[in-house]
Amino acid sequence: MSLLAGDIRFARSANMADVPEGGGPPSAQLLTSGRSNEIFPDISEETRTVGRVEIYQIFGILRNTDRTPFLGSNVILAEPPADPNVSVTLLSLKDPFATRAEIAKRIESGMATGSEWSGYLLENHFATMRSIQLLQRVGMPPPVLGKTYVLVYQEGQPAERRQRVRVKAVSTVERTFTQILNGTAVDFQAQVATVELFDGLAYDFPGSAPSRTFAREANKTVVRETVYSDSGMFYSAGRLTAATLITDTWLNVDSIYTQVVPNSRSEVASVDQQPSARRTIVLAETPRLVEVGVTPHTQRFKIDEVNVGLTYVFQCHPLPEPGTLFIDYWSLGQRYTITDDGAGKLEGQGGGAVSYATGSVNVTLKAVPDIGSAISLAHGARVAYADRSAQGAAVRAPEYAWIIEGDTAADSVVPGSLSISYTSGGTVRTVTDNGAGKLSGAATGVIDYASRAILLRPLYMPDPGAQLAVTCQLDALVTENLTGGTPDAGGILALTLAQQPAAGTLQVQWATVREVSNTAGATLSTTTASKGPDTTSTVIQYPDWWSPPATEGMAINWPSAA
């Protein structure tokens, strides 16, 4: 009896829900051909935004009851989804009793469990939690966005709990923890990474307490990395980009890839970018910090099936400056970086050594680089420079001289009341007088209280556009004309004033007249002296008819105003 169109049908599994216990053996319920949402439900807005993997198990059954041998059948995906963000992938476990959890493990087995990650689960975490906290040493790289990690509790035991978690978002913070050692509280710094997950935890995972040794406690949850490996055969469909015939041996399709798990990675192109300095050196710290970037010299080595491996040797030219070497490589779509510690040792996602004398680099990578990618090496050369901060032009400090405006010409400045303010470097500087005509504070100089004249030499360069703010008290100048009086034998004349003068404001002027005869061979002149707090002025007046003698053959310094 020949097979009819309805003899081969698809049947539902025992549980068609997208839950861990979904799937199972075939049921008696048949799928209706052409009916919408018969296997997959409609896509929600959340699923369209963040992505989701839905797994359902169906079975092909033969309803023909005769005993004619069944020679086999094929299952094809005839029409791929119209939405480019949606993919349908077929996978067979050859197990009619497989559940969704077992199917998910087969899919996830493409990311094999690797070495223990450089950090551990901080304290206890419970089922349904969508975020975990990890404790690391300060400066260690946090979990990578989009990467899958494995949480394992009681590894290798019958009660083992294992779950793959995929990183959705990461935030790090540096915190101070305290640990009691031998009865003494010891503080230490640690980096705490809060990781948001795409899916909640399926089990309770006990974590470890903070430890200054950053060692995970025994029999606690282990965090392991994953390493990609081909472990299953997936089937999907692609659209033809060119017409083909049944006799053709080559097909042109839009893509040979399909989406097994959602991916939130996006690519951004940058053009016309100059290499930036990844290390800086300090040229000077005073009077201000001066740093320059070390311009990197770069090399790139293409990876193919011939030279793929873990150990590589490079030669840097020119010779690298200590602490400037960077080695970047890609493995399983993840970027890894190796740097030198300034003493010749390579550290990071690999190890090795660099010779600063010869420029040779011997590096061993942590993971096998992807074929088709490149290993990039960047380093900075020694920068020759001279510190000329103390060889600048000798510029004289600015000086300011002015007369304080008064209400009348007789006003004078009250000693000790002067205050001058100006800004330098955004800081207000203040100058005051000491009551004796001297300025102190953020400047040096003098002040003549009687004439209100000021000479100011700032100790700090005033800011552009800065103004001198002057505050003082003024007092009226009192003038007295005293006559009479005879000097004593020592030439001292006692004067009596009508009121008590302010300190530093007394100014005395007098005139001295000396008469001589023409027969004595002398001249008649008048000298006026003015005595102030800091200066003495002397003026000698000569008659109109007097002229100095000839100076031929001699050098004479004649009296002048002083």
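Please read these numbers as outputs of a predicted model, since none were measured by experiment.

Chemist: Honestly, the sheet that holds strand S3 (residues 58-62) in this entry has me stumped. Any pointers?
Modeler: Sheet strands line up and pair through hydrogen bonds in the backbone, either parallel or antiparallel. Across the sheet, 3 strands lie side by side as S2-S1-S3; this open sheet has antiparallel pairing. Across the chains shown, the open sheet's two edge strands, defined by having one partner strand only, are strand S2 (23-30) and S3. The mean angle between the axes of side-by-side strands here comes to 50°, regardless of whether they run parallel or antiparallel. The pairing of strand S1 (residues 8-15) with S3 spans 5 bridges and is classified as antiparallel. Residue Ala11 lies in a different strand from S3, and its bridge partner there is Phe59.

Chemist: Would you mind going over the pairing of strand S15 (residues 326-331) with me for this structure?
Modeler: On any regular strand, side chains alternate: one points to one face of the sheet, the next to the other face. Taking burial as the measure, the 6 residues of S15 include 5 buried ones, the bulk of the element. As defined by bridge partners, S15 adjoins strand S16 (residues 334-340) across 6 bridges and the pair is classed as antiparallel. Its bridge partner lying in S16, Trp330 is registered against Arg335. Hairpin connection between S15 and S16: a loop of 2 residues separates the two successive antiparallel strands, and Leu332 in this loop has a positive phi of roughly 55°.

Chemist: Could you clarify how one ought to interpret the environment of Phe70 in this entry?
Modeler: Following the sequence through the fold, Phe70 ends up in the loop between S3 and helix H2 (100-108). A C-alpha to C-alpha distance of 9.5 Å links Phe70 and Leu3, two positions 67 residues apart in sequence. Leave out the neighbours within four places in its chain, and Phe70 touches Leu3, Ile8 and Leu62.

Chemist: Help me understand the sheet that holds strand S25 (residues 438-441), please; the structure alone is not making it clear to me.
Modeler: Pairing is antiparallel in the open sheet, where 7 strands are placed in the order S21-S27-S26-S25-S24-S23-S28. Each edge of the open sheet carries a strand with a single partner, namely strand S21 (400-403) and strand S28 (469-471). On average, each strand axis in the sheet is tilted by 20° relative to the strand beside it, whichever way the strands run. With 6 bridges joining them, strand S23 (residues 419-424) and strand S24 (residues 427-433) adopt antiparallel strand pairing. Paired with Ser421 across the two strands is Thr430, which belongs to S24.

Chemist: I keep staring at the confidence of the model for the chain and nothing clicks. Help me out?
Modeler: When pLDDT is low, close inspection of the predicted coordinates is not appropriate. In this model, the chain carries an average pLDDT of 82, and 84% of its residues clear a pLDDT of 70 or more. Note that residues 549-562 has pLDDT below 50 and, in this model, 10 contacts with residues that lie over four places away or in other chains.

Chemist: When you look at the packing of aromatic side chains in this model, what are you seeing that I'm missing?
Modeler: Here the distance between the centres and the angle between the planes together describe a pair of aromatic rings. On inspection of all chains with the given rule, the structure shows 8 aromatic pairs. Ring geometry for Phe177 versus Phe188: centroids 5.8 Å apart, planes at 25°, classification stacked. Placement of Phe177 in strand S8 (residues 161-181) and of Phe188 in strand S9 (residues 184-197) is noted, with a sequence separation of 11 residues between them. Phe188 carries the same exposure label as Phe177, and that label is buried. Arranged with centres 6.2 Å apart and planes meeting at 10°, the rings of Tyr312 and Phe314 form a pair that is stacked. For the pair Tyr312 and Phe314, one class covers both residues: buried. Here the aromatic cluster, defined as three or more aromatic residues joined through ring pairs, consists of Phe177, Phe188 and Phe214. Between the NZ or CZ atom of Lys147 and the centre of the ring of Tyr149, over which it lies, the distance is 5.9 Å.

Chemist: What is the right way to read the environment of Leu181 from this model?
Modeler: As for its placement among the helices and strands, Leu181 is situated in strand S8. When its relative accessible area of 30% is taken as the criterion, Leu181 is described as partly exposed. Excluding its chain neighbours within four sequence positions, the residues that come into contact with Leu181 are Val186 and Arg212.

Chemist: Just to check I follow, could you spell out the nonpolar core for this structure?
Modeler: As a rule of thumb, nonpolar side chains are buried together in soluble globular proteins. Counting 17 residues, the largest nonpolar core has Leu325, Ile327, Leu346, Val361, Val363 and Ile375 as its most contacted members. Those elements that provide at least two residues to this core are strand S14 (311-315), S15, S16, strand S19 (360-365) and strand S20 (374-380). In terms of residue count, the dominant contributor to this core is S19 (3 residues). Ignoring sequence-local partners within four residues, the contact set of Leu325 consists of Cys316, Ile338, Thr339, Asp340, Leu346, Val354, Val361, Leu377, Ala378 and His379.

Chemist: I'm lost on the environment of Ser360 in this one. Help?
Modeler: Secondary-structure assignment places Ser360 in strand S19. On the accessibility criterion, Ser360 (27% relative accessible area) is partly exposed. A C-alpha to C-alpha distance of 7.3 Å links Ser360 and Val313, two positions 47 residues apart in sequence. Of note is the side chain of Ser360, whose polar atom sits 3.1 Å from the side chain of Thr358.

Reading guide: rules and limits
Residues numbered from 1 in each chain as written. Predicted model: local features only at pLDDT ≥ 70, side-chain atom pairs only at ≥ 80, totals over all residues. Heavy atoms only, no water. Pairing = 2+ DSSP bridges. Helix = DSSP H or I, 4+ residues; strand = E, 2+ residues; numbered from the N terminus. Axes fitted to C-alpha atoms, helices over the stretch in contact; angles between N-to-C directions. Buried < 20%, exposed > 50% of the residue type's maximum accessible area, 1.4 Å probe, protein only. Contact = heavy atoms within 4.5 Å. pLDDT = per-residue confidence, 0-100. Phe/Tyr/Trp six-rings, centres within 6.5 Å; stacked < 30°, edge-to-face > 60°. Lys NZ or Arg CZ within 6 Å of the ring centre and 35° of its normal. Core = buried A, V, L, I, M, F, W, Y, C linked by side-chain atoms within 4.5 Å. Polar contact = N/O pair within 3.5 Å; in protein donor to acceptor, adjacent residues only side chain to side chain.

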